[in-house]
Amino acid sequence: MDRIESLSSIISAPEHQKRLTLISNDRAPGMARSFTREALTAWGVEDLLDQAMLIVSELTTNAERHGRTPADGRSREDEHVDEITLTIALQADVVGIEVEDNSPEPPAPRIASLYASSGRGLQLVSAAADTWAACPTEDGRGKRVIAFVRRPRSPITS
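A brief look at the structure comes next. (Residues numbered from 1 in each chain as written. Predicted model: local features only at pLDDT ≥ 70, side-chain atom pairs only at ≥ 80, totals over all residues. Heavy atoms only, no water.)

Across its 15 residues, helix H3 (residues 28–42) extends 21 Å between first and last C-alpha, which sits within 8% of the 21 Å expected from 1.5 Å per residue. Where the residues of H3 are buried, they touch strand E1 (16–23), helix H4 (49–66), strand E2 (83–91) and strand E3 (94–101). (Helix = DSSP H or I, 4+ residues; strand = E, 2+ residues; numbered from the N terminus. Expected span 1.5 Å × (residues − 1). Contact = heavy atoms within 4.5 Å.)

The structure is reproduced here in C-alpha cells:
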C-alpha cells in the first residue's frame, strides 16, 4: 500500500486532471471510455490509451454492477441515485485512474470458470495496470479504486 500512497499525488496534485460523474447504469462504462479517450488524446499520451481504456472499462463496469449503495436502512421510496465518479489524471508520464462508487465493499477478485462470460475484470486490471488498490472513501460510505499506468522508459541507445 505504500507504493499506492506514494503515487496518490498523481490524483491529488496532477499536471492534468479531468473528472466525470456518471449515473450508475449500463451506459456508464461507454461514457467513461469516451471521456478517457478524449482526455488522454488531449494530453498527448495516446500510447497509454489501450491500457487506460481497458482499466476504465473494467472498473466502471464493476462499479455499475457491484458499487451500489447498500439497501440497509433505506425505504423503497428513497430517491437515491447511485453515482460513479471517474477521475483521470496525468503527472510525469504516469496516468492515474480513480473510480469511486457508493459501496463500501472492497473489490473481490474471482476465479472465473473457463466458460464464464464474466468474472475476469480485476484480473484484466491487474494485467494492464502497473499497480492498483482500493480504499474506502473519506466518509466510509463508498470506495475508491485507483490504478496507475506508467509510460515505458525508452531503452538507451548509442
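What follows covers unusual backbone geometry. Its identity is not glycine, yet Ala 92 carries a phi of approximately 50°, on the positive side. Along the chain, the position of Ala 92 falls in the loop between E2 and E3. In this model, Asp 93 sits at a positive phi of 65°, which is unusual for a non-glycine residue. With respect to the helices and strands, Asp 93 occurs in the loop between E2 and E3.

Two numbers describe how H3 lies on H4: the axes approach to 9 Å, and their chain directions differ by 150°. Between H3 and H4, the interaxial angle falls into the category roughly antiparallel. Where H3 crosses over H4, the two elements pack in a sense that is right-handed. Seen from H3, the contacting residues are Pro 29, Ala 32, Arg 33, Thr 36, Arg 37, Leu 40 and Thr 41; seen from H4, they are Leu 49, Ala 52, Met 53, Val 56, Ser 57, Thr 60 and Thr 61. Taken together, the residues of the contact of H3 with H4 sort by class into seven nonpolar, five polar and two charged. (Axes fitted to C-alpha atoms, helices over the stretch in contact; angles between N-to-C directions. Parallel < 35°, antiparallel > 145°, perpendicular 65-115°, else oblique. Left-handed = near helix turned anticlockwise from the far one by under 90°. Nonpolar A, V, L, I, M, F, W, Y, C, P; charged D, E, K, R; others polar.)

Looking now at H4. An ideal rise of 1.5 Å per residue puts 26 Å on 18 residues; H4 measures up with 25 Å between its terminal C-alpha atoms. Regarding H4, the residues found buried are Leu 49, Ala 52, Met 53, Ile 55, Val 56, Ser 57, Glu 58, Leu 59, Thr 60, Thr 61, Ala 63 and Glu 64. The inward-facing, buried residues of H4 abut H3, E2, E3, helix H5 (121–128) and strand E5 (143–150). (Buried < 20%, exposed > 50% of the residue type's maximum accessible area, 1.4 Å probe, protein only.)

Geometric descriptors of this kind do not, in isolation, establish any biological role.
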